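Inside the fold
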Amino acid sequence: TAMRENSRVYALLRTMLPPNSTGRQRPETRRILPHLYYLGATSYAIVSDNGKAFIYDYGYLDSETLRKFQREFKIRHFTVSFSHYHDDHLIRVYELLRVADLEIWSHECLVNVLRHPTRYRLPCLIPYPIEVDRVIGEDERVEWEGYTLEFFHMPGQTEYHQGMVATIDGKKVMFTGDNTWKKADEGRIRNGPLVPHNQYFLDGGFITCARQMLRHLPDIVCPAHTEEYSPSKEDLEQFLGWARQLREV
């Protein structure tokens, strides 16, 4: 009886976990809104009108792409923040530290692993520290060049993951890192990448992620590995339902 029940639950789990994502179809640098750009790789940038840029994630972005972007917009100062600790979201910030005026901001949930990665047994870590210039608390709103940026804990693919929301050119934009993706099949319920070895807690995880998305109801979601998308409230409610079912399964 126990084996039959285990087989039933495992079959259900397999139907819930296959990725429902399109992959990124347009990898080139492009403008999303007048002051919001996709740079390439996993990176986005908010550009101010006076020579500053806020970069969200700076992983394996080609350095020439960044130099071209810097020249085009006459960027004199960068502020960088990371959605989470994986190398494809932060590894090349060391190059940027050598060549640019730069500050690093982070939500408190990431600070210790950024500063002390060798204390953790986690995948995709960098074996040297990243010093954080500004530590941001839960639901703290900070001003940057006329924009209000709100940071919060947003676990999903991993426990060590932040989210950020800002109103840019009249649109509420949410940056979700590796927690969400643009759906390949709009008929399917939204799901996310469950990776237990990243450190994952079922009582939080995507339940917290979906609740944060429902709380903010963004006009545009900027995920790391697919194009942007605009979810409906119903879509996000289904996502929360999936996350709750995942916990039970």
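Our subject is the structure that appears above.
To start, this report covers the structure provided alongside it. (Residues numbered from 1 in each chain as written. Predicted model: local features only at pLDDT ≥ 70, side-chain atom pairs only at ≥ 80, totals over all residues. Heavy atoms only, no water.)

This next bit is on the sheet that holds strand E2 (residues 36-40). A sheet is described by the order of its strands in space; here seven strands give the open sequence E1-E2-E3-E4-E5-E6-E7, paired in mixed fashion. Both outer strands of the open sheet, strand E1 (30-33) and strand E7 (134-136), are each paired with one neighbouring strand and no more. Averaged over all pairs of adjacent strands, the angle between strand axes in this sheet comes to 25°, irrespective of strand direction. Taken together, the three bridges between strand E6 (residues 102-107) and E7 define a ladder with parallel strand orientation. Across the sheet, the residue bridging to His107 is Ile136, located in E7. Packing of helix H2 (residues 63-73) onto the sheet brings it into contact with E2, strand E3 (43-47), strand E4 (52-56) and strand E5 (77-81), and relative to E2 it is tilted by some 150°. Together, E6 and E7 form the strand contacts of helix H4 (residues 108-115), whose direction differs from that of E6 by roughly 120°. (Pairing = 2+ DSSP bridges. Helix = DSSP H or I, 4+ residues; strand = E, 2+ residues; numbered from the N terminus. Axes fitted to C-alpha atoms, helices over the stretch in contact; angles between N-to-C directions. Contact = heavy atoms within 4.5 Å.)

So, on to the pairing of strand E10 (residues 162-168). Of all seven residues in E10, six are buried; the element is thus mostly enclosed. Where strand E9 (residues 147-153) meets E10, five bridges bridge the pair, whose relative direction is antiparallel. Paired with His153 across the strands is Gln162, a residue of E10. Pairing between E10 and strand E11 (residues 171-177): five bridges, direction antiparallel. Looking across to E11, one finds that Ala166 is bridged to Val173. Taken together, E10 and the strand that follows it, E11, pair antiparallel across an intervening segment of two residues, in which Asp169 is found at a positive phi of about 50°. (Buried < 20%, exposed > 50% of the residue type's maximum accessible area, 1.4 Å probe, protein only.)

Inspection of the secondary structure assignment puts His225 in the loop between strand E12 (220-223) and helix H6 (233-248). We classify His225 as partly exposed; its relative accessible area is 39%. For the pair His225 and Gly40, spaced 185 residues apart in sequence, the C-alpha to C-alpha distance is 9.9 Å. Here Asp88 takes part through its side chain, which lies 3.3 Å from a polar atom of the side chain of His225. Engagement of the side chain of His225 in a polar contact is seen with the side chain of Asp178, the distance being 3.1 Å. (Polar contact = N/O pair within 3.5 Å; in protein donor to acceptor, adjacent residues only side chain to side chain.)

Hydrogen bonds between backbone groups are what pair the strands of a sheet, and the pairing can be parallel or antiparallel. Judged by pairing direction, the sheet is mixed, and its five strands sit side by side in the order E8-E9-E10-E11-E12 without closing on themselves. Edge positions in the open sheet fall to strand E8 (141-144) and E12, since each of these has one partner strand only. For this sheet the average axis-to-axis angle between neighbouring strands, irrespective of direction, equals 25°. Against the sheet, helix H5 (residues 205-216) contacts E9, E10, E11 and E12, and its axis sits at roughly 155° relative to E9.

The buried fraction of E5 amounts to five of the five residues, a majority that puts the element mostly inside the structure. Residue alternation in E5 divides its side chains into two sets, His77, Thr79 and Ser81 and Phe78 and Val80, and both sets are buried. Here E4 pairs with E5 via five bridges, running parallel. From the neighbouring strand, Tyr56 faces E5, where its bridge partner is Ser81. Tracing the backbone out of E4, into H2 and back to the parallel element E5 gives a crossover that is right-handed. Looking at chain direction, E5 and E6 are connected through four bridges and run parallel. Its bridge partner lying in E6, Ser81 is registered against Trp105. (Right-handed = clockwise from strand over helix to strand, strands pointing away.)

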